[in-house]
Amino acid sequence: MDNMMSFRTLYDVQQLLKRYGTFIHLGKRLWDIELMFIEVKRLYEDKMIDKKTFISAQMVLKREHRIEEKKEKDRSK
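In this report, we go over the structure that sits alongside the text. Just so it is clear, the model here is predicted, and its values are computed rather than measured.

### Re the overall build of the protein
Okay, step 1: Each helix and strand in the protein was counted, giving 3 helices and 0 strands.
Okay, step 2: At 13 Å, the protein has a C-alpha radius of gyration in line with the 11 Å of a compact globule built from 77 residues.
Okay, step 3: Evaluated residue by residue, the protein yields a buried proportion of 36% over its 77 residues.
Okay, step 4: Long-range pairs, those at least 24 residues apart, make up 55% of the contacts in the protein between residues at least 6 apart in sequence.
Okay, step 5: Roughly 5500 Å² of accessible area belongs to the protein as shown, and the carbon and sulfur atoms make up 55% of that amount.
Okay, step 6: With 18 positive and 13 negative side-chain charges, the protein shows a spacing of 4 Å between the two charge centroids.

### Overview of the nonpolar core
Okay, step 1: Formed by 15 residues in total, the largest nonpolar core has its most connected members in Phe-7, Val-13, Leu-17, Met-36, Val-40, Ile-49 and Leu-61.
Okay, step 2: Elements supplying a minimum of two residues to this core: helix 1 (10–19), helix 2 (29–45) and helix 3 (51–75).
Okay, step 3: With sequence-adjacent residues up to four places away left out, Met-36 is seen in contact with Leu-10, Val-13, Gln-14, Leu-17, Ile-24 and Leu-61.

### Structural notes on unusual backbone geometry
What is expected of a backbone is that most residues other than glycine have negative phi and most peptide bonds are trans.
Okay, step 1: In this structure, Lys-47 takes a positive phi of about 60° despite not being glycine.
Okay, step 2: Its place among the elements puts Lys-47 in the loop between helix 2 and helix 3.

### Describing the pattern of salt bridges
Okay, step 1: Scanning the entire structure with this criterion turns up 9 salt bridges.
Okay, step 2: A salt bridge links Arg-29 to Glu-68; the nearest nitrogen and oxygen atoms lie 3.0 Å apart. Taken together, the residues span a long stretch of sequence, with Arg-29 in helix 2 and Glu-68 in helix 3 at a distance of 39 residues.
Okay, step 3: Using a relative accessible area of 39% as the deciding quantity, one classes Arg-29 as partly exposed.
Okay, step 4: Glu-68 sits in the buried class, given a relative accessible area of 5%.
Okay, step 5: If you follow the salt bridges from partner to partner, you end up with Arg-29, Arg-63, Glu-64, Glu-68 and Lys-71 in one network.

### What about helix 3?
For an α-helix, 3.6 residues make a turn, and residues three or four places apart therefore share a direction.
Okay, step 1: Here helix 3 contains 25 residues, and its C-alpha end-to-end distance of 36 Å stays within 8% of the 36 Å for a straight helix at 1.5 Å per residue.
Okay, step 2: Along helix 3, the positions that sit buried rather than exposed are Thr-53, Phe-54, Ser-56, Ala-57, Gln-58, Val-60, Leu-61, Glu-64, His-65 and Glu-68.
Okay, step 3: Here the buried face of helix 3 lies against helix 1 and helix 2.

Thresholds applied
Residues numbered from 1 in each chain as written. Predicted model: local features only at pLDDT ≥ 70, side-chain atom pairs only at ≥ 80, totals over all residues. Heavy atoms only, no water. Helix = DSSP H or I, 4+ residues; strand = E, 2+ residues; numbered from the N terminus. Rg over C-alpha atoms; globule rule 2.2 N^0.38 Å. Buried < 20%, exposed > 50% of the residue type's maximum accessible area, 1.4 Å probe, protein only. Contact = heavy atoms within 4.5 Å. Areas by Shrake-Rupley, 256 points an atom, 1.4 Å probe, with all protein chains shown as cover. Lys, Arg positive; Asp, Glu negative; His and termini not counted. Charge placed at Lys NZ, Arg CZ, Asp CG, Glu CD. Core = buried A, V, L, I, M, F, W, Y, C linked by side-chain atoms within 4.5 Å. Salt bridge = Lys/Arg side-chain N within 4 Å of Asp/Glu carboxyl O. Expected span 1.5 Å × (residues − 1).

Here it is as structure tokens:
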């Protein structure tokens, strides 16, 4: 388990996933974030990462998801 991971950016979460062989690029940032959310949850459920790492990664993903939703909403006006 990885106790020392600290996340501030989406890139940090991508690096965590890469360490477990998961590369995500669906072509739309919002979709990428949603799939990363699923993959991080799976890593936690499979006990590959600890709770602190899981929560930290999820907070970054939720923030990025909100930002992308706002961008899409602003574009559609």
